Structures are given as structure tokens and as C-alpha cells.
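One-letter residues, chain by chain:
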Amino acid sequence: MIKGIIFDMDGTILNTIEDIKDSVNHAMKICNLPLKTLQEVKDGVGRGAINLIEDVVPKNTSQEDILKVYKVYQDHYDKNANHKTGPYPDILTLLKRLKEMGYKLAVVSNKHKYLVEALNHDIFNDYFDYSMGEVKGIPIKPEPDMLYMALAHLDLDKSEVLFIGDSDVDMMTANNADITSVGVTWGFRSKEVLIKHNASYIIDQPNQLLNILNEVNNNGND
């Protein structure tokens with residue numbers, strides 16, 4: 001019986017890519033590096049901020065210079081994370097419905113935890129019972145640790161939740177945690193990527209999640 005839903009943030013519930021791109025290109029400009037396209041930034045999102053910067057800088061960039069670019073990026077993004085960012089269509093309606101139906105909700109992201117908590121508060125009015133992001137000492141996705149922390153805070157077993165995400169990293173995380181995954185096609189990766197990384201379900205619209213919940217819970221009661 002599914003009792004809780006854990007969501008990824010970027011590319012799943014929030015379209016954050018324009019603000020991320022702006023901060024990436026601010027850092028690239030300050031550091032005299034080539035600016036990046038929207039697609040190039042999309043391709044790097046999902047594995048944490050430092051990995052994003054490693055992806056967008058030239059291949060021969062030293063670790064010292066990567067850290068300099070990262071610091072400029074992160075300082076800028078911390079102050080500008082919510083200018084162009086907003087929920088995907090119908091996401092707020094879905095979350096409201098899930099809360100009304102009694103589901104526990106969490107968000108788990110490779111974005112820094114303080115940003116995840118701020119966006120949960122500012123955009124989602126604290127809909128989520130638990131917000132988890134990157135913190136020192138806790139492995140980020142695709143390691144399963146943050147999902148396990150969410151399970152503990154929600155007081156649920158892995159068989160009682162679905163994990164919703166848009167990327168290969170999310171599907172790998174769900175598989176590593178032995179949690180049923182739902183891939184969404186409106187985010188930063190293609191449907192083919194979700195299939196390749198063994199998404200349990202794939203949806204094209206947020207309200208289709210309700211159909212999956214009905215299916216899983218009804219089958220569980222047979």
C-alpha cells in the first residue's frame with residue numbers, strides 16, 4: 001500500500017533551468033570562459049552543483065579553477081534561485097490532491113538543502129512534510145542515503161512509497177534504494193533515458209500519477 005510520495009525537485013516539480021543557466025553563465029563570464037546553451041546546462045543538471053560546473057567548464061580546466069567557477073556560480077545562484085523558477089503546470093494541483101488524499105510528501109534533491117527548504121517554503125507553502133538536499137557527510141543521489149532519510153522522517157517502509165523523478169540519476173537512485181520509480185517526461189531528460197534506466201512507470205502529465213497510485217494500491221489489495 002502506497003502511503004507516501006517522494007519527489008525530486010529540479011525538472012520534476014520545479015522548472016529551475018533558466019535560473020540555473022543564468023548563474024552558470026554569470027560564472028562563466030566572470031571567469032572568462034565560453035557561455036553555455038540551455039541544452040548544455042540541462043545535460044549537466046542532476047548530480048549536484050559541483051558536478052554541473054565540472055560538466056560545463058572546458059575539459060582541461062584544473063580542479064582549482066573548477067572550484068573558483070563553482071564558488072562564483074553558487075554565490076550567484078544562492079541570491080537568484082527564484083527569479084524565473086516556478087512549478088510545472090498542474091504540479092500544485094497534484095500536490096494539493098495528494099495532501100487531501102492523506103499521502104505523506106517529501107522532496108529529495110541534489111540541490112543544497114538550504115535551497116530545497118527555501119523553495120519548499122516560498123513556492124510550495126511547505127506542502128512537503130520533509131525536504132532533503134545536499135549536506136556535508138551525506139552521499140547524494142544516485143546513492144540511496146537521502147531516500148532512506150526521507151523514509152525515516154515519513155515513518156514509512158520502502159514498499160510504501162514511490163519516488164518521482166525526471167532523470168537517469170533519479171531512476172538509479174530509486175533502484176539503489178529498492179523503491180518503485182516513476183519517471184516524468186516534462187523534465188530535463190528524454191523518455192528514452194528513463195526507459196534505459198529502468199523506470200518502473202513513466203508519465204507525461206502530473207495527474208497520471210493518480211492513476212498509478214490507484215493501480216498499485218488496488219493490486220496490492222487483491
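Refer to the structure presented above.
Residues numbered from 1 in each chain as written. Predicted model: local features only at pLDDT ≥ 70, side-chain atom pairs only at ≥ 80, totals over all residues. Heavy atoms only, no water.

**Details of the overall build of the chain**
Tallying secondary structure elements over the chain gives 10 helices and 8 strands in all. In terms of overall dimensions, the chain is globule-like: its C-alpha atoms have a radius of gyration of 17 Å, near the 17 Å expected for 222 residues. Referenced to the eigenvectors of the C-alpha coordinate spread, the extents of the chain come out at roughly 60 × 35 × 30 Å. Looking at the 222 residues of the chain, the share that counts as buried comes to 50%. Considering only intrachain contacts with a sequence separation of at least 6, the fraction spanning at least 24 residues in the chain is 63%. (Helix = DSSP H or I, 4+ residues; strand = E, 2+ residues; numbered from the N terminus. Rg over C-alpha atoms; globule rule 2.2 N^0.38 Å. Buried < 20%, exposed > 50% of the residue type's maximum accessible area, 1.4 Å probe, protein only. Contact = heavy atoms within 4.5 Å.)

**Topic: the packing of aromatic side chains**
Scanning the model with the defined rule gives 3 aromatic pairs in all. Plain terms: the ring middles of Phe-124 and Phe-128 are 5.5 Å apart, the flat faces sit at 80° to each other, and that makes the pair edge-to-face. Assigned by exposure class, Phe-124 and Phe-128 land together as buried. Among the aromatic residues, those joined into a cluster by ring pairs are Phe-7, Phe-124 and Phe-128. (Phe/Tyr/Trp six-rings, centres within 6.5 Å; stacked < 30°, edge-to-face > 60°.)

**A few points about the environment of Asn-214**
Considering the arrangement of structural elements, one finds Asn-214 in helix α10 (residues 208–220). What makes Asn-214 partly exposed here is its relative accessible area of 42%.

**Section: empty space enclosed by the protein**
Applying the stated criterion across every chain yields a total of 1 cavity of 30 Å³ or more. What the largest cavity holds in volume is close to 230 Å³. Forming the walls of the largest cavity are 20 residues, and the residues nearest its centre are Asp-10, Val-45, Gly-46, Asn-110 and Lys-111. At the level of secondary structure, the elements contributing two or more residues to the lining of the largest cavity comprise α3 (49–56), α4 (63–79) and β4 (104–112). It is β4 that provides the largest number of residues to the lining of the largest cavity, a total of 4 residues. Here the residues of the lining of the largest cavity sort into 6 nonpolar, 8 polar and 6 charged. (1 Å grid on protein atoms, 1.4 Å probe; cavity = no way out; pocket = protein on both sides within 12 Å on 5 of 7 lines; lining within 4 Å. Points joined across faces, edges and corners; volume = space filled by probe spheres on them. Nonpolar A, V, L, I, M, F, W, Y, C, P; charged D, E, K, R; others polar.)

**Topic: the nonpolar core**
Judged by nonpolar contacts, the single largest core of 48 residues is most densely connected at Ile-5, Phe-7, Tyr-73, Leu-98, Leu-162 and Leu-209. Counting 17 residues, the second-largest nonpolar core is a separate cluster that includes Ile-6, Ile-140, Leu-151 and Val-161. (Core = buried A, V, L, I, M, F, W, Y, C linked by side-chain atoms within 4.5 Å.)

**Considerations on the pairing of strand β1 (residues 4–7)**
Of the two faces of β1, the one holding Gly-4 and Ile-6 and the one holding Ile-5 and Phe-7 are both buried throughout. Here β1 runs beside β4; their pairing, made up of 4 bridges, is parallel. By the bridge assignment for β4, Phe-7 is matched with Val-107. Alignment of β1 against strand β6 (residues 161–165), held across 4 bridges, turns out to be parallel. Its bridge partner being in β6, Phe-7 is matched across the sheet by Ile-164. (Pairing = 2+ DSSP bridges.)

**Digging into the sheet that holds strand β7 (residues 180–184)**
Here 6 strands make up an open sheet; going across it, the order is β5-β4-β1-β6-β7-β8 and the pairing parallel. Each edge of the open sheet carries a strand with a single partner, namely β5 (130–134) and β8 (201–203). Neighbouring strand axes in the sheet, compared pairwise and without regard to direction, differ in orientation by 20° on average. Where β6 and β7 come together, 4 bridges link them in parallel fashion. Residue pairing for β7: Phe-163 is matched across the bridge by Ser-181. Here helix α7 (residues 145–154) sits on the sheet in contact with β1, β4, β5 and β6, set at roughly 150° to β4. (Axes fitted to C-alpha atoms, helices over the stretch in contact; angles between N-to-C directions.)

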